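Summary of the model geometry
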Amino acid sequence: MPDKDLVKLCAGIPPTALRDYAKSRGWEAVSGSKRRLWLFRHPSDELRQLIIPMDRDASYTDALLEIVLRLSEVENLPINMIINSLLTANSDTVRFRIGGENSAAGMLPMTDAPGLIEGVKRALMASACSVVNKIRHHPRMSRSEAEEFLRVCKLGQTEVGSYVVKVVCPLNEMIEPPIYQEARPFAREATALLMRACDKLVKSIEQDTVDGMLEQDTAKPEITSNLCDALLRMHAAKENSDITVDITWAAMPKYAFPNIPTVAAFKAEYFKAIEEIGNYLRPKKDEKGETLLIGTVETLNGDVGSDGRRSGEVSFSILQEGEAIFAKGILNANEYETAVRAHEKGTAYVSFNAILKPGIRVGLIENISNFQEFSAKVCS
């Protein structure tokens, strides 16, 4: 018998989730009952039936537990997996599986986790942005539609056998954007686009058809530089790792897409090609040389010189196009003192002229000059 915690979870499963789950698994509805219940029979074994109550009365949990046990037997799956599927029956569940040492045991170094989560977040936002506007590069991913989609998404528990970032994407919790007129929920369009784009990326690399794919994928592109950047961030968070993206669709057949792939496996050696694809999709900027940069001082890693003053490497969070870009640069002793003062204030910004070269995780700042605490006069 299931333990008490699983019984409590069962009580939180709504009747409609059971009904939709049964329909999505091919169980056939039987009409004619005068009682407040839904009756289903197994598609290949008419003697197997599910009796699903419509109301949550005193006997609801016991009836639901019986249904869960029957589904576990029929599908040959653990009871807890059936319950988890029912709890997320109205949600698409996207899993980002990380391969490599330690991850097989479901563990990941704490220092790797933030980069991985950031990559997952960017992959979801890139797909949401592309639902509204299919372009190869989104200069900013702060669209209200993408932010609303991310707001309703939830992180699920990791799973046995690998380190998994599991994201549950409810189909019926998001406020649908006014400009969005499709019949399917926005969340389903976003998850389906993500899987199509990932599958297209993998196949073009494996079949050596990247150039042809890029030439053809121009009218309404689904692969973006932003998605490539997101995948690279996941890969960089756990170097030399394979990354697999897979999805379990919500048990809502009326929103189904035909022939959408459910798994895309990126081997470690694919990420060089993904970096090249991302660079190709990103708009080429004219060489502007030095530009004014504004940001905050994050870490100070300088050394004391023979003159007793400290100078050296400093990392910054640079504000560009509505996003924070992490980058490192080398400061002389006077600049370093200014950086220390700004860092000690906690909320102070610095400004300087330099050349910023973005990287996968951390960019590089060169030719630093006019380094000072930020003032409105700098922009005048």
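Scroll up a little and you will see the structure.
Now for a look at the structure at hand.

The rules behind each value
- Residues numbered from 1 in each chain as written.
- Predicted model: local features only at pLDDT ≥ 70, side-chain atom pairs only at ≥ 80, totals over all residues.
- Heavy atoms only, no water.
- Helix = DSSP H or I, 4+ residues; strand = E, 2+ residues; numbered from the N terminus.
- Buried < 20%, exposed > 50% of the residue type's maximum accessible area, 1.4 Å probe, protein only.
- Areas by Shrake-Rupley, 256 points an atom, 1.4 Å probe, with all protein chains shown as cover.
- Patch = residues over 30% accessible without salt bridge, like charges linked within 9 Å, V, L, I, M, F, W, Y side chains within 5 Å.
- Salt bridge = Lys/Arg side-chain N within 4 Å of Asp/Glu carboxyl O.
- Pairing = 2+ DSSP bridges.
- Axes fitted to C-alpha atoms, helices over the stretch in contact; angles between N-to-C directions.
- Contact = heavy atoms within 4.5 Å.
- Core = buried A, V, L, I, M, F, W, Y, C linked by side-chain atoms within 4.5 Å.
- Phe/Tyr/Trp six-rings, centres within 6.5 Å; stacked < 30°, edge-to-face > 60°.
- Parallel < 35°, antiparallel > 145°, perpendicular 65-115°, else oblique.
- Left-handed = near helix turned anticlockwise from the far one by under 90°.
- Nonpolar A, V, L, I, M, F, W, Y, C, P; charged D, E, K, R; others polar.

1. Here's the deal with the overall build of the protein
Each helix and strand counted, the protein has 11 helices and 13 strands in total. The buried share of the protein, taken over its 380 residues, is 44%. Entry remark: accessible area of the protein is about 20,200 Å², with carbon and sulfur atoms responsible for 50%.

2. Focus: unusual backbone geometry
You will see that Asn 76, though not glycine, has its phi angle at about 55 degrees, which is positive. One can find Asn 76 in the loop between α3 (60-75) and α4 (79-87). Unlike most non-glycine residues, Asn 367 shows phi in positive territory, near 55 degrees. The residue Asn 367 is located in strand β13 (residues 363-373) in this model. The class of Asn 367 is partly exposed, set by a relative accessible area of 46%.

3. Observations concerning a nonpolar patch on the surface
A surface patch of nonpolar side chains, amounting to about 270 Å² of accessible area, comprises Leu 319, Tyr 349 and Phe 374. Take Phe 374: it is sitting in the segment after β13. Judged by relative accessible area, which is 34%, Phe 374 ranks as partly exposed.

4. What to know about the pattern of salt bridges
Side-chain pairing between opposite charges can occur once the charged atoms of the two side chains come close. Scanning the entire structure with this criterion turns up 22 salt bridges. Of the charged contacts, one joins Arg 151 and Glu 148 as a salt bridge, the two residues approaching to 2.8 Å between their closest N and O atoms. Within this pair, Arg 151 and its partner Glu 148 are both found in helix α6 (residues 144-152), separated by three residues, close to a single helical turn. Arg 151 sits in the exposed class, given a relative accessible area of 53%.

5. Here we look at the pairing of strand β10 (residues 310-320)
Pairing analysis gives nine bridges linking strand β9 (residues 291-304) to β10, with the strands arranged antiparallel. Considered in β10, the bridge of Asn 301 is made with Glu 313. Taking the residues that link successive antiparallel strands as the turn, the β9-β10 hairpin has five residues, and the phi of Gly 308 there is positive, at about 85 degrees. Direction of pairing for β10 relative to strand β11 (residues 323-331): antiparallel, over a ladder of nine bridges. The residue bridging Ile 318 from the neighbouring strand is Ile 325, located in β11.

6. Structural notes on the sheet that holds strand β3 (residues 49-53)
Sheet strands pair via backbone hydrogen bonds, and the direction of the pair is either parallel or antiparallel. The strand order across the open sheet built from three strands is β1-β2-β3, with neighbouring strands paired in antiparallel fashion. Edge positions in the sheet fall to β1 (28-30) and β3, since each has one partner strand and no second. Here the strands of the sheet are splayed against their neighbours by 35 degrees on average, with no regard to which way each runs. By the bridge criterion, three bridges tie β1 to strand β2 (residues 37-41) in an arrangement that is antiparallel.

7. Section: the environment of Pro 43
Mapped onto the secondary structure, Pro 43 falls in the loop between β2 and β3. Sequence separation of Pro 43 and Glu 28 is 15 residues, and the distance between their C-alpha atoms is 6.1 Å. Setting aside residues up to four positions removed in sequence, Pro 43 forms contacts with Gly 26, Trp 27 and Glu 28.

8. Structural notes on helix α2 (residues 15-24)
What α2 keeps buried is the set Pro 15, Ala 17, Leu 18, Asp 20, Tyr 21 and Ala 22. Immediately downstream of α2, the backbone of Gly 26 shows phi near 90 degrees, a positive value.

9. Digging into the nonpolar core
As a rule of thumb, soluble globular proteins bury nonpolar side chains together. Core analysis: the biggest nonpolar cluster contains 61 residues, and Phe 96, Phe 149 and Phe 266 have the highest contact counts within it. A total of 12 residues in this core trace back to one element, the largest contributor, which is helix α7 (residues 186-206). Setting aside residues no more than four positions away along its own chain, Phe 149 makes contact with Leu 124, Ala 128, Cys 169, Met 174, Phe 186, Ala 187, Ala 190 and Thr 191. Ranked by size, the runner-up nonpolar core spans 22 residues in total, among them Ile 13, Ala 17, Leu 18 and Phe 40.

10. Focus: the packing of aromatic side chains
Tallied over the full model, the rule gives five aromatic pairs. Judged by centre distance (6.2 Å) and plane angle (45 degrees), the rings of Phe 266 and Phe 271 are tilted. Consider the rings of Phe 352 and Phe 371, whose centres lie 5.3 Å apart with planes at 25 degrees: the pair is stacked. With Phe 352 in strand β12 (residues 350-357) and Phe 371 in strand β13, this residue pair connects regions lying 19 residues apart in the sequence. Judged by its relative accessible area of 0%, Phe 352 falls in the buried class.

11. Describing the packing of α2 against α3
Direction vectors running N to C along α2 and α3 enclose 20 degrees, while the axes themselves pass 12 Å from each other. Comparing the axis directions of α2 and α3 gives the class roughly parallel. Once α2 is placed against α3, the crossing between them reads as left-handed. Seen from α2, the contacting residues are Pro 15, Leu 18 and Tyr 21; seen from α3, they are Tyr 60, Leu 64, Ile 67, Leu 71 and Glu 75. Considering only residue class, the contact of α2 with α3 consists of seven nonpolar, no polar and one charged.

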